[in-house]
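# Structural characterization, general
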Amino acid sequence: MSRSSDDPSRTLTLPITGMGCAACVTRVEDALKPLPGVNTVSVNLATEKATVTTQDIPDITTLVHAVREAGYDVAEDTLILDVSGMSCAACSSRVQALLERTPGVVEAGVNLATGQARVHILAGAVSAAALARRITQAGYQSRVHKAGPDREDRERAEHQQTLSRLRHALILAATLTLPILVLDMGGHIFPAFHQMVHGALGTQSVYIVFFLLATGVQFGPGLRFYRQGGPALIRGAPDMNALVMLGTSAAYGYSVVATFLPGVLPAESVHVYYEASAVIITLVLLGRYLEARAKGATSEAIRRLIGLRPRTARVWRDGDWVEVDMEQVLPGDRIQVRPGERIPVDGVVEEGQSWVDESMITGEPVPVDKSVGATVVGGTINGQGAMTLKAQRVGSDTVLAQIIRMVESAQAARLPIQNLVDQVTRYFVPAVMGIALVTFLVWLFFGPAPALTLALVNAVAVLIIACPCAMGLATPTSIMVGTGKGAEMGVLFRGGDALQSLRDVQVVALDKTGTLTQGQPQLTGITVLADHDEAEVLTLAAALESRSEHPLAQAVVRAARQRGLDLPDVEHFESLTGLGLQGRVGGHELLMGSPRFLAEAGIDLEDVQDAVASLTAQGSTPVLIAVDQQPAALLGISDPPKPSSAAAMAHLKSLGLKVVMITGDDERTAQAVARQLGIDEVVAQVLPEGKVAAVQRLRACGNKVAFVGDGINDAPALAAADVGLAIGSGTDVAMESAGVVLMSDDLHQVAHAIALSRATIGNIKQNLFWAFAYNATLLPVAAGVLYPFFGLLLSPVFAAAAMSLSSVSVLTNALRLKRFSPVK
């Protein structure tokens, strides 16, 4: 960020990536100059920066979008800050607005449930420490988020400390409040009790006892509301703490005047409301304590994932096995894993064999056999065998670390549905204060006697009932629980947009090879012709194919080796690209390839035409071998579907989804596979760019499209779809292009992801409905609109109970997602 001498807020420096020549400079300048409010643009190719001056505070998002539309990019960094002191949606909205107004910030998202702010900035424009200071100066506490091996312990300790403070404050408040409640409310319920107490002690003495007890509550456990609400009110940014502070102070202050200066009040208005102020504080603290406990449950998934990482590893160093901290393990180290231990790093088995439980990574409960050459994932549990590994990825590069980052990113995400909540809560608390003031004045001037008392009671009820806590917790708590549950199932949402968009998907398009099928061609059948022996023909065919790198050739070689056949040498080998092979093996002249290739070579295929057609109809590729110019055998090679594919397609269709297969295979093979799996539509013989066009055609019909793939050539289609789902065993490129990563090859996880998305968004809508309905219904009741018709008023005590209950109910409803269990 550069600063203008005239006005530092009106000059912005954008770090541009992707420029290669002067023409690029011109294109970037042409993209920025026409934007509203832009005065000048200067792009420097050498520094790769664009300096923009504007008439007003620059809209960074618009500028960044314009650069990206021109085909270039703006370098961004993502910073994470821990924020404490936020008590309601109004707080998180204000912190977010503060961050978004900071020069250099492209976008910010503040999560009330996690207490974190995720900030996207122009690369190098502002430091995380500077943003944290800015938040702290606004009245909240903030620090740079630090990850590390001790993070789980630190966060658990902080959470327990918060719970402990709230528990002690709640116990003290309840202990002081209970005598007031018994003496005052007991007197209302049993008049004889009231007469006995006041007759024995005197009304003034009872009021003084109430005053002492209520003062202990107001300025003991209740002091937190003054410390946080007071500064917020002075800054003109009132929050929930300010509402509680104003409401309880009004009830408490009125009671103090009635106790010690009753003469300044009208005779009919001399009443005390110590029980209201004390009970309100106690109930609000109870609500916060229950919220804190529930929030701890919502973030359980992240803590469990972090807890999977071992703290130490046994590494071969200087001729001996030594125990070292995980920070000291390096790629290439040899690591010993004993029975029952967690595997510390991603690596390859060098010695030993065992069964490994990978359920917390893939969601699959069945242990996986691991022997020499197999890859293992850090955090998984070794079975009864001992193994020696070679470390490949350690620390933040491991699969588990990537999963934790994805889940954290998804849990911190802001769904589009949250924008409505932000707009409401930004102005909600000031509006409530205005409504409370209007309520007080209306009751004071137009209400029945005692007008002052009723005006105070109803204004306090309005202030207490209208806390927007439930609104602020409605979305993030459901996201946290839903994405955490997804991680347990092996379904990773990489962002909030994918979580919400997946719910509305109508069409699921899938790549064939490696996604629907096993991705490795296999020899599925041999039809021997004339008097040849099957083992003899397979030996000749495999010997010839062993000289080829083609996937179909490797399938024949694998089949021969699995049968223990020895392959003879090949002479005069020749590969005819796209057609087949020829050579001499064991004194026989061999031709091998497609029926067309052998027919063109003069081989009579009249007797095998029906068999060739039958194989093609079944989705297999027919390969013929001729020995000494005579057809000897017909081989069927196919890439068989995964065992779960057919049932998974039926599962998707049961959710009301249309299933489409997009493949580069020929039409007949593709149709055969589609018939086996029950797929609705086939798009065949397409190149990678053709997959993108196919996805775009499906979207052009008004459908929301999800694309499922696993390879590099699937990445463009994954990015082009409304939601991309990458099979976790696929390539890193595919996973980076997708919005959802499936850690298992089981395609049932596609249906699981969609069902979980629907459940999570449905849960969010339930939360938002009850949060808004609660305020929309009870706020007018608290103001007294039912009094003229039914003589009903809402006591501030019941308002506090309802306010606390609303937040707890939202959290409880979100926690129901932990019981989500998709049906196959």
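About the cut-offs
- Residues numbered from 1 in each chain as written.
- Predicted model: local features only at pLDDT ≥ 70, side-chain atom pairs only at ≥ 80, totals over all residues.
- Heavy atoms only, no water.
- Helix = DSSP H or I, 4+ residues; strand = E, 2+ residues; numbered from the N terminus.
- Buried < 20%, exposed > 50% of the residue type's maximum accessible area, 1.4 Å probe, protein only.
- Contact = heavy atoms within 4.5 Å.
- Areas by Shrake-Rupley, 256 points an atom, 1.4 Å probe, with all protein chains shown as cover.
- Core = buried A, V, L, I, M, F, W, Y, C linked by side-chain atoms within 4.5 Å.
- Pairing = 2+ DSSP bridges.
- UniProt positions renumbered as here; feature names shortened; annotations may be inferred.
- 1 Å grid on protein atoms, 1.4 Å probe; cavity = no way out; pocket = protein on both sides within 12 Å on 5 of 7 lines; lining within 4 Å.
- Points joined across faces, edges and corners; volume = space filled by probe spheres on them.
- Axes fitted to C-alpha atoms, helices over the stretch in contact; angles between N-to-C directions.
- Parallel < 35°, antiparallel > 145°, perpendicular 65-115°, else oblique.
- Left-handed = near helix turned anticlockwise from the far one by under 90°.
- Nonpolar A, V, L, I, M, F, W, Y, C, P; charged D, E, K, R; others polar.
- Salt bridge = Lys/Arg side-chain N within 4 Å of Asp/Glu carboxyl O.
- pLDDT = per-residue confidence, 0-100.
- Phe/Tyr/Trp six-rings, centres within 6.5 Å; stacked < 30°, edge-to-face > 60°.
- Arc of directions from axis to C-beta.

### Describing the overall build of the protein
Helices and strands together make up the secondary structure of the protein, namely 30 helices and 30 strands. A total of 824 residues make up the protein; the buried ones form 52% of that total. Residue pairs in contact within the protein that sit at least 24 positions apart in sequence constitute 68% of those at least 6 positions apart. Total accessible area on the protein is roughly 35600 Å²; 56% of this is exposed by carbon and sulfur atoms.

### Looking at the nonpolar core
In this structure, Leu502, Met649, Leu725 and Val740 are the most contacted members of the largest nonpolar core, which totals 134 residues. With 15 residues, helix H28 (residues 748–783) is the single largest residue contributor to this core. Setting aside residues up to four positions removed in sequence, valine 740 forms contacts with Val491, Leu492, Phe493, Ala498, Leu502, Val723, Gly724, Leu725, Ala726 and Ala753. Counting 26 residues, the second-largest nonpolar core is a separate cluster that includes Leu538, Ala542, Ala560 and Val623.

### Regarding the pairing of strand E13 (residues 354–357)
Of the two faces of E13, only the one carrying Ser354 and Val356 is buried; Trp355 and Asp357 on the other face are not. Sheet topology note: the E13/strand E14 (residues 368–370) ladder contains 3 bridges and is antiparallel. Residue pairing across strands places valine 356 opposite valine 368, the latter belonging to E14. Where E13 and strand E16 (residues 381–382) come together, 2 bridges link them in antiparallel fashion. Within E16, the position partnered with valine 356 by the bridge is asparagine 382.

### Considering the UniProt feature "transmembrane region" (unreviewed entry) in the protein
The UniProt record marks residues 169–193, 205–223, 243–265, 271–290, 427–446, 452–475, 768–790 and 796–815 with the feature "transmembrane region" (unreviewed entry), using the residue numbering of this structure. The span residues 243–265 shows a helical share of 78% and a strand share of 0%, and its end C-alpha atoms are spaced 25 Å apart. As annotated, residues 271–290 comprises 85% helix and 0% strand, and the C-alpha atoms at either end are separated by 33 Å.

### Structural notes on the layout of surface pockets
Gaps left between atoms show up when a probe the size of a water molecule is rolled over them. Put simply, the second largest pocket is a space of about 1100 Å³. Lining the second largest pocket are 41 residues, with His550, Leu552, Thr621, Pro622 and Val623 sitting closest to its centre. With 4 residues, helix H24 (residues 667–677) is the largest single contributor of residues to the lining of the second largest pocket.

### Observations regarding the sheet that holds E13
Pairing between the strands of a sheet is mediated by backbone hydrogen bonds and can be parallel or antiparallel. The strand order E14-E13-E16 describes an open sheet built from 3 strands, whose pairing is antiparallel. Both outer strands of the open sheet, E14 and E16, are each paired with one neighbouring strand and no more.

### Let's talk about the packing of helix H19 (residues 534–545) against helix H20 (residues 551–562)
For the pair H19 and H20, interaxial distance at closest approach is 8 Å and the crossing angle is 130°. Here H20 runs oblique to H19, going by the angle between their axes. In the crossing of H19 with H20, the sense of the turn from one axis to the other is left-handed. Each of Leu538, Ala541, Ala542 and Glu545 in H19 lies in contact with H20, whose residues at this interface are Ala553, Gln554, Val556, Val557, Ala559 and Ala560. Class assignment for the residues of the contact of H19 with H20 results in 8 nonpolar, 1 polar and 1 charged.

### Side note on the pattern of salt bridges
All told, the structure shown has 17 salt bridges when counted by the stated rule. With its nearest N and O atoms 2.6 Å apart, the salt bridge here joins arginine 584 to glutamate 589. For arginine 584, a relative accessible area of 27% puts it in the partly exposed group. With a closest N to O distance of 3.0 Å, aspartate 722 and arginine 699 form a salt bridge. Placement of the pair is aspartate 722 in the loop between helix H26 (715–720) and strand E29 (723–727) and arginine 699 in helix H25 (residues 688–700), with a sequence separation of 23 residues. For arginine 699, a relative accessible area of 35% gives the class partly exposed. It is possible to trace a salt-bridge network through shared partners that takes in Arg68, Asp73 and Glu76.

### Let's talk about empty space enclosed by the protein
Evaluation of the coordinates by the stated rule reveals 2 cavities of 30 Å³ or more. Lining the second largest cavity are Ala251, Tyr273, Ala276, Leu456, Val457, Val460 and Pro796. Sorting elements by how many residues they give to the lining of the second largest cavity places helix H15 (residues 451–465) first, with 3 residues. The residue inventory of the lining of the second largest cavity, partitioned by class, reads 7 nonpolar, no polar and no charged.

### A short note on the pairing of strand E28 (residues 705–709)
Judged by how many residues are buried, E28 sits mostly within the fold: 5 of 5 residues are covered. Burial along E28 is two-sided: the face carrying Val705, Phe707 and Gly709 and the face carrying Ala706 and Val708 are both buried. Sheet topology places strand E19 (residues 507–511) next to E28; 4 bridges connect them, and they run parallel. Bridge pairing in E28 places alanine 509 opposite phenylalanine 707. In terms of strand pairing, E28 meets E29 through 4 bridges, oriented parallel. Across the sheet, glycine 709 pairs through a bridge with alanine 726, a residue of E29.

### A few points about the confidence of the model for the protein
Looking at the protein, pLDDT values average 82 and 89% of them are 70 or higher. Looking over the protein, one finds the lowest element-wise mean pLDDT in helix H27 (residues 732–737), namely 59, and the highest in strand E26 (residues 658–662), namely 93. Considering only residues more than four positions removed or in separate chains, one finds that residues 1–9, a stretch of pLDDT under 50, has 15 contacts.

### Topic: the packing of aromatic side chains
Here the structure, examined in full by the defined rule, presents 9 aromatic pairs. Between the aromatic rings of phenylalanine 211 and tyrosine 252, the centroid separation amounts to 6.4 Å while the plane-to-plane angle is 20°, which identifies the pairing as stacked. With phenylalanine 211 in helix H7 (residues 203–218) and tyrosine 252 in helix H9 (residues 240–260), the pair connects residues that are 41 residues apart, well separated along the chain. No difference in accessibility class separates phenylalanine 211 from tyrosine 252, as the two residues are buried.

### Side note on the environment of serine 127
Tracing the backbone through its elements, the reader meets serine 127 in the loop between strand E7 (116–122) and helix H4 (128–137). Judged by its relative accessible area of 39%, serine 127 falls in the partly exposed class. With 50 residues separating them along the chain, serine 127 and aspartate 77 place their C-alpha atoms 10.0 Å apart.

### Some remarks on the sheet that holds strand E12 (residues 346–352)
With respect to topology, 6 strands assemble into an open sheet ordered E10-E9-E11-E17-E12-E15, the strand pairing being antiparallel. Each end of this open sheet is capped by a strand with a single partner; those strands are strand E10 (320–325) and strand E15 (375–376).

### Quick look at the packing of helix H23 (residues 645–654) against H28
To describe two helices that pack against each other, one gives the angle between their axes and the distance between the axes. At a minimum axis separation of 8 Å, H23 and H28 run at an interaxial angle of 20°. One element, H23, and the other, H28, form an angle in the roughly parallel class. You can see that H23 and H28 cross each other, and the crossing is left-handed. Residues Ala647, Ala648, His651 and Leu652 of H23 form the contact with H28, whose participating residues are His748, Val750, Ala751, His752 and Ile754. Among the residues making up the contact of H23 with H28, the classes are represented as 6 nonpolar, 3 polar and no charged.

### Section: H23
Within H23 the residues assigned to the buried category are Ser645, Ala648, Met649, His651 and Leu652. Projected onto a plane normal to the axis of H23, the buried residues spread over an arc of 155° and lie on a single side. Looking at the buried side of H23, the elements it contacts are E19, helix H18 (512–516), E26, H24 and H28. Phi for glycine 656, located one or two positions after H23, is positive at around 85°.

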